[in-house]
Amino acid sequence: MSKNLIEVPPNHPTEKGAGRVVTMSTIAFTLMFAVWLMFGILGIPIQEEFGLSDVQLSWISAVAVLNGSMWRLPAGMLADRIGGRKITIFMLFATAIPAYMVSIANSYTWILILAFLVGFAGNLFSVGVSWNSAWFGQDRKGLALGIFGAGNVGASVTKLIGPGIIAATAGSTFILGIQGGWRLVPVIYAALLVTVGILTIFVAPKPDHAPGSQQTIAEQLAPLKQVRVWRFSLYYVAVFGAYVALSAWLPKYYVDNFDISLATAGLLTATFIFPASLLRPLGGWISDRWGARAALYLTWAIMLVTSGILMMPSGFITIVHPDGSQTQHLHYGMNVYAFAILVFFLGCAMGIGKAAVYKYIPAYFPDNVGSVGGLVGMFGGLGGFFLPPLFAYTKVFSGFPSSTFFVIFILVVVCAVWMQLTVHTMLTKQGPERLPEGELKKEAE
């Protein structure tokens, strides 16, 4: 075995240097997540400059989200085989190239191609999960993965800094002919990607830990035959796919339904993004303390209540009396403040749930975290790709903008019912979904 590679057993104590792993992986993931979703803000000035239709604009973000999901499985498998440190460094440098090239794109076709290539940044998640799992023991894994996963907050970075940079530098030219406005943002991100890559080389501990270095590809993929892997994938669609979808969907929802400015809508959307990202460490701690199942029960309960209220359209019930007269009853309406509060709690639940799902994976599949985590992450990301069109189609079909939350409500119902049926089978019939020996006792209570 290479002197730069250490095979670790499935169950191991927290290794010295694990703190540097979670620190550098979280910084890298936050930056890569910001790059992955930067077209949510850059798309507006790009649309104006190139005269794009709304459909053309939508494909720019869509192809980035798609490519940021489809490689999570192989990326996770590679991290298990050759180490998360190596893959993280490679991805940081590789993403910097198309990120910079976005700044010099001169046609819609090139923007589309480069958006797809930049989207590769989204695949770092499964790499970081494998990397952290290889360094942290079972008793601290949930918290570590929660801290790492909080890098999702990168989704709000461009929303907060992008408009100011674009407005302040529009029409300017800098050293080496770098243009200001929206073209400056990808240049800044490219420079940051290179900087963080260099820092990772010097700060992250080496040699790499690789739990799957001796496994064949067939052995790595073997767990994917188990139903529970696909169950975890569906859970992640509900807590992460819906998060990605709402992050892109909410600004327009606010503008269309509450008659507020786009800037205000962006700030209100941040009140959803921040808890859905920053509460992942809390979700990891809850999962370590009381078990991933308890954390998910809490997640489903909050999501069902909030989405159940949010899906109700404003209006009233009209009763037609025998004499032909009509009366109106049970008037219902929601102002922007009540809506934002409910969406905030929905984000809190998603933040806890995202960590809980990934606490399950190393407990059930300690030597296949990369492949299983990659598949689960891939389906979560693809949920972020498919859910926005589903939101749009249900709105057209029903005529209710709030049908967006009906989609989320139904998705959560399916997850909660499947989970409860599995738990019932496991506890009463000793079925195939029994807990592994290494999982926390509280998980079985």
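Position numbers for residues start from 1 in each chain and track the written sequence from start to end. Given that this is a predicted model, residues contribute local features only at a pLDDT of at least 70 and side-chain atom pairs are listed and counted only at 80 or more, while totals for whole chains, interfaces and linings are drawn from all residues. Working from all heavy atoms in the structure, the side-chain values ignore hydrogens and water.

A. Focus on the packing of aromatic side chains. Pairing of aromatic side chains here covers Phe, Tyr and the six-membered ring of Trp, requires ring centres within 6.5 Å, and sorts the geometry by plane angle: under 30 degrees stacked, over 60 edge-to-face, intermediate tilted. Taken as a whole and assessed by the stated rule, the structure comprises 25 aromatic pairs. Pairing Tyr254 with Phe339 gives two aromatic rings, centres 5.3 Å apart and planes at 85°, and the pair type is edge-to-face. Note that Tyr254 is positioned in helix H12 (residues 227-258) and Phe339 in helix H16 (residues 336-364), a separation of 85 residues in sequence. Each member of the pair Tyr254 and Phe339 is classed as buried. Taken together, the ring pairs in this structure connect Phe29, Phe33, Trp36, Phe125, Phe148, Tyr236, Phe240, Tyr243, Phe272 and Tyr358 into an aromatic cluster. Here Lys354 stacks its cationic end above the ring of Tyr243, 3.7 Å away from the centre of that ring. A helix here means a DSSP run of H or I that spans at least four residues, while a strand means a run of E at least two residues long, and both kinds are numbered starting from the N terminus. Think of it in three bands: residues with accessible area under 20% of the maximum for their type are buried, residues over 50% are exposed, and the middle band is partly exposed, with areas taken using a 1.4 Å probe on protein chains only. For a ring to carry a charge above it, either NZ of a lysine or CZ of an arginine must fall within 6 Å of the ring centroid while also lying within 35 degrees of the normal to the ring plane.

B. Just the pattern of salt bridges, in detail. Here, a salt bridge means any side-chain nitrogen of Lys or Arg that lies within 4 Å of a carboxyl oxygen of Asp or Glu. Using the criterion set out here, one finds two salt bridges in the structure. Here Asp288 ties to Lys359 by a salt bridge, and the two come within 2.9 Å at their closest N and O atoms. Here Lys359 lies in helix H16 and Asp288 lies in helix H14 (residues 280-290), a separation of 71 residues in the sequence. Assessed through its relative accessible area of 5%, Lys359 is described here as buried.

C. The arrangement of a nonpolar patch on the surface in detail. A surface patch of nonpolar side chains, about 920 Å² in accessible area, is lined by Met70, Trp71, Ile97, Tyr100, Met101, Ile104, Trp110, Ile113, Phe116 and Leu117. Contributing elements (two or more residues each) for the nonpolar patch: helix H5 (84-102) and helix H6 (108-118). At four residues, the largest contribution of residues to the nonpolar patch is made by H6. Mapped onto the fold, Tyr100 is located in helix H5. Residues qualify for a patch when their relative accessible area is over 30% and they have no salt bridge, like charges being joined within 9 Å and the nonpolar side chains of Val, Leu, Ile, Met, Phe, Trp and Tyr within 5 Å. For every accessible area listed, the method is Shrake-Rupley and the probe measures 1.4 Å; residues are considered covered only by the protein chains on display.

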